[in-house]
Amino acid sequence: MEPNTPKFRLRLNLFDGIVLVLALAVGAFLLWRAVKPAAPVQADPAATSTIRYTVRFQRWIPGTSEIIQPGDRIADNIKNYEVGHVVSAQAVPALVQTPDQESHRWVWAELEGFEDVLVTVEAPCTVSDKAFTVGGGYEVRVGTTGFLRGEGYMGSGPIVAVEEVQG
């Protein structure tokens, strides 16, 4: 007599079939990505130039802006990029936005007991379609907030102006 061994039968329900098809599709995609040759990357020729930009350091105690001197080296406080040197610093009244209850809109008002410092920085940069890049990776754009430091001081505030220096 022969031993009674059952034959192998693959029985799949609908859920098992869907999972199997998805697993095969993912495996085929990963294999295709691994074997596919990499596309050549063409770097845009970035032009080099010099820019002058102004950062508004906000809410400083009156008189402390005198520690910022022309020629000071400025660096990014977060990623430590060298972002240029100070050309000038000017103390102006501190401004904040406050709601005007009568006209139902936001207006600029002077904040007493503080001053803002407009710091103009000059730096060599690379120019692209998207931004000016200084210090190897710090992008300078109007409206972005800069967290910068010099020797003996730190300040933060929006970049309010950017201009390209000719010559």
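As the structure is a computational prediction, the values presented were derived from the model and not from experiment.

Calculation criteria
For every chain, the first residue of its written sequence is number 1, and the numbers climb from 1 along that sequence. Residue-level local features of this predicted model are given only where pLDDT is at least 70; pairs of side-chain atoms are given and counted only at 80 or more, and the full residue set underlies all totals for whole chains, interfaces and linings. The side-chain figures draw on all heavy atoms in the structure; neither hydrogens nor water molecules are used. Secondary structure counts use DSSP, requiring at least four H or I residues in a row for a helix and at least two E residues in a row for a strand, with both numbered from the N terminus. Only C-alpha atoms enter the radius of gyration; for comparison, a globular chain is expected to reach 2.2 Å times N to the power 0.38, where N is the number of residues. Burial classes follow relative accessibility: with a 1.4 Å probe on protein chains only, a residue under 20% of its type's maximum area counts as buried, one over 50% as exposed, and anything between as partly exposed. Note on areas: Shrake-Rupley with a 1.4 Å probe; residue coverage comes only from the protein chains shown. His residues and chain termini do not enter the charge count, which takes Lys and Arg as positive and Asp and Glu as negative. Note that the charge is assigned to NZ on lysines, CZ on arginines, CG on aspartates and CD on glutamates. Any two strands are treated as partners once DSSP identifies two or more bridges connecting them. Patch membership requires more than 30% relative accessible area and the absence of a salt bridge. Residues of like charge join within 9 Å; the nonpolar side chains Val, Leu, Ile, Met, Phe, Trp and Tyr join within 5 Å. Just to be clear on terms, a salt bridge is a Lys or Arg side-chain nitrogen sitting within 4 Å of an Asp or Glu carboxyl oxygen. Pairing of aromatic side chains here covers Phe, Tyr and the six-membered ring of Trp, requires ring centres within 6.5 Å, and sorts the geometry by plane angle: under 30 degrees stacked, over 60 edge-to-face, intermediate tilted.

Engineer: Quick question: what am I supposed to make of the overall build of the protein chain here?
Structural biologist: From N to C terminus, the protein chain includes one helix and eight strands. Secondary structure elements in the protein chain, listed N-terminal to C-terminal, are α-β-β-β-β-β-β-β-β. On C-alpha atoms alone, the protein chain measures out to a radius of gyration of 30 Å, which is more than a quarter above the 15 Å that the 2.2 N^0.38 rule sets for 167 residues. Each of the three principal axes of the protein chain carries a C-alpha extent, and together these read 105 × 50 × 30 Å. Residues counted as buried form 25% of the 167 residues belonging to the protein chain. Surface accessibility of the protein chain: about 12,400 Å² in total, with carbon and sulfur atoms responsible for 57%. The averaged location of the 19 negative side-chain charges in the protein chain is 18 Å from the averaged location of its 14 positive side-chain charges.

Engineer: Could you clarify how one ought to interpret the environment of G17 in this entry?
Structural biologist: Within the secondary structure layout, G17 lies in helix α1 (residues 14-35). Residue G17 is classed as partly exposed on the basis of its relative accessible area of 23%. For the pair G17 and V119, spaced 102 residues apart in sequence, the C-alpha separation works out to 66 Å.

Engineer: Please clarify how the pairing of strand β3 (residues 82-100) should be interpreted in this entry.
Structural biologist: Within a regular strand, the side chains alternate between the two sheet faces. As paired elements, strand β2 (residues 73-76) and β3 share three bridges and run antiparallel to each other. In the strand pairing of β3, I74 is matched with G84. The hairpin turn running from β2 into β3, its antiparallel successor, is five residues long, and N80 in that turn takes a positive phi close to 65 degrees. Two elements, β3 and strand β4 (residues 105-127), share 14 bridges in a ladder whose sense is antiparallel. Paired with L95 across the two strands is E110, which belongs to β4.

Engineer: Teacher, can you tell me more about a nonpolar patch on the surface here?
Structural biologist: Judged by side-chain polarity, F8, L10, L12, L20 and L24 come together as a nonpolar surface patch covering roughly 600 Å² of accessible area. Within the fold, L10 resides in the segment before α1. On the basis of relative accessibility, which here comes to 61%, the residue L10 falls in the exposed class.

Engineer: How do you make sense of unusual backbone geometry when you look at a structure like this?
Structural biologist: The bulk of non-glycine residues show a negative phi, and the bulk of peptide bonds are trans. A positive phi angle, close to 55 degrees, is found at R59, a residue other than glycine. Located in the positive-phi region is H104, a residue other than glycine, with phi close to 55 degrees. Here H104 lies in the loop between β3 and β4.

Engineer: Just to check I follow, could you spell out the packing of aromatic side chains for this structure?
Structural biologist: Taken as a whole, this structure holds three aromatic pairs when the rule is applied. Both rings, one in F29 and one in W32, keep their centres 6.0 Å apart while their planes meet at 40 degrees; by these two values the pair is tilted. Pair noted here: F29 and W32 are both in helix α1, with a separation of three residues, about one helical turn. Members of the aromatic cluster, each reached through a chain of ring pairs, are F57, W60 and Y153.

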